[in-house]
Amino acid sequence: MAKLCVALDLPPDDAMDLVKKVRHFPLIMKVGPSLLIEGGKDVVREILSMGLEVFLDLKLHDIPNTVARAVESAERLGVQYLTLHTLGGREMVRRAAESRESVKLIGVTLLTSHDEEYISFLGSKGGTISQMVIKLAGIAEEFGLDGVVCSSKEVRLIKARFSLLTVVPGIRLEASREDQVRVSTPGEARREGADIIVMGREIIRSPDPAKMVEKVINEIAYSQ
Ligand code: C5P
C-alpha cells in the first residue's frame, strides 16, 4: 500500500506539535531545508524517536564529493529517505548511490516550476517535459537511486520502464478541473501506482490534522 508523507513545512515548535497529533498513524514525515535549518538535527532525532520515518527533502545538487558527504551525514542521522537532483549529473548521482548504506535516495527529475519554455531556454533539445523526466529517471535507475519524485501523471510512464519508487507531491483532496495536469487526489495518485504520496498544506493547515490524515489514509486504502 502507498505510504502517506506529511510535509512539515512549519517552524520547529509547530512542526513538533503537529507530529505529536498524528504520531499514531504509519506516516513518513518530510523535513525540508527550512525546518532543518531552524530546528537542526534535534528535530529529526525527536521524530525518529517516535518511531516515524523521516524523509529529508534537501534536493541536493552540488559537486559529487560534497553530495557524497551529505549522503554519509544523512546515514549517520538515521533518516530513511533523502532527495537529490538528477540534474546534478551522472557522476554526482553515482557517487551518492555508492555512499549510501540504508537511506533510500530519491531523485528529483524536473521541478514543476520549470516549464518547456525554460527547458528550451537552457538549450535542451530533449523534447517535452515528460520525455525529459523519463531521461532523468533513467539516470536515477542506471546509477542506483531508489526512486524519483514525479507528478501523478508520470507514474505509469516511469513504472513501465523502471523499477523505481515513485514519490508524488501536488496532492489535493479535491483536484479542480483547471489544475488537473499538475494536481491529483490521493486516490488518483494511488491508482496511477504512486508509492509515496506527499501532502503538506492541506494537512498542516487543517483545523484537525489527525482527522485529515485518517481521511487521506482511508482514501489511499480504498483506492487499491
Ligand atoms: O503543496 P503542498 O503543501 O501539499 O506541498 C507539499 C510538499 O511537496 C512541499 O514541501 C514541497 O516542497 C513538495 N513539492 C515537491 N515538488 C513539487 C511540488 C511540491 O517536492 N513539484
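Right, let's walk through the structure included here. (Residues numbered from 1 in each chain as written. Predicted model: local features only at pLDDT ≥ 70, side-chain atom pairs only at ≥ 80, totals over all residues. Heavy atoms only, no water.)

Once that is clear, we can look at the site of the ligand. The ligand sits among Ala7, Asp9, Lys30, Lys59, Thr112, Pro169, Arg172, Val198, Met199, Gly200 and Arg201. Lys59 has a polar side-chain atom sitting 3.0 Å from an oxygen atom of the ligand. Taking Arg201, its side chain carries an N or O atom lying 2.6 Å from an oxygen atom of the ligand. With the chains in place, 77% of the 470 Å² that the ligand exposes on its own is no longer accessible. In terms of residue class, the shell around the ligand is made up of 4 nonpolar, 2 polar and 5 charged. (Near = heavy atom within 4 Å. Polar contact = N/O pair within 3.5 Å; in protein donor to acceptor, adjacent residues only side chain to side chain. Areas by Shrake-Rupley, 256 points an atom, 1.4 Å probe, with all protein chains shown as cover. Nonpolar A, V, L, I, M, F, W, Y, C, P; charged D, E, K, R; others polar.)

Side chains that are three or four residues apart share a direction in an α-helix, a result of its 3.6 residues per turn. Here helix H2 (residues 33–49) spans only 20 Å end to end across 17 residues, well under the 24 Å set by a 1.5 Å rise per residue. Remark: the principal bend of H2, roughly 105°, maps to Gly39. Within H2 the residues assigned to the buried category are Leu35, Gly39, Val43, Val44, Ile47 and Leu48. Taken together, the buried residues of H2 touch helix H1 (12–22), strand E2 (27–31), strand E3 (53–60) and helix H3 (64–77). Note on H2: the residue one or two positions beyond its end, Gly51, has a positive phi of about 85°. (Helix = DSSP H or I, 4+ residues; strand = E, 2+ residues; numbered from the N terminus. Expected span 1.5 Å × (residues − 1). Bend = angle between axes of the 7 residues up to and from the residue. Buried < 20%, exposed > 50% of the residue type's maximum accessible area, 1.4 Å probe, protein only. Contact = heavy atoms within 4.5 Å.)

A surface patch of nonpolar side chains, about 350 Å² in accessible area, is lined by Tyr118, Phe121 and Leu122. Within the element layout of this structure, Phe121 appears in helix H5 (residues 116–121). (Patch = residues over 30% accessible without salt bridge, like charges linked within 9 Å, V, L, I, M, F, W, Y side chains within 5 Å. Salt bridge = Lys/Arg side-chain N within 4 Å of Asp/Glu carboxyl O.)

Ranked by size, the top nonpolar core spans 69 residues in total, and within it Leu4, Leu27 and Ile47 carry the most contacts. Once you skip the residues sitting within four places of it in the chain, Ile47 turns out to touch Leu8, Met16, Val19, Met29, Val31, Leu52 and Val54. With 11 residues, the next largest nonpolar core counts Ile28, Val149, Val167 and Val198 among its residues. (Core = buried A, V, L, I, M, F, W, Y, C linked by side-chain atoms within 4.5 Å.)

Two elements in contact, H1 and helix H10 (residues 209–221), have axes whose closest approach is 8 Å; the angle formed by their N-to-C orientations is 55°. Taken as axis vectors, H1 and H10 run oblique relative to one another. Taken as a pair, H1 and H10 cross one another with a handedness that is right-handed. For the pair formed by H1 and H10, the contact residues are Leu18, Lys21 and Val22 on the first element and Pro209, Ala210 and Val213 on the second. Class assignment of the residues belonging to the contact of H1 with H10 gives a composition of 5 nonpolar, no polar and 1 charged. (Axes fitted to C-alpha atoms, helices over the stretch in contact; angles between N-to-C directions. Parallel < 35°, antiparallel > 145°, perpendicular 65-115°, else oblique. Left-handed = near helix turned anticlockwise from the far one by under 90°.)

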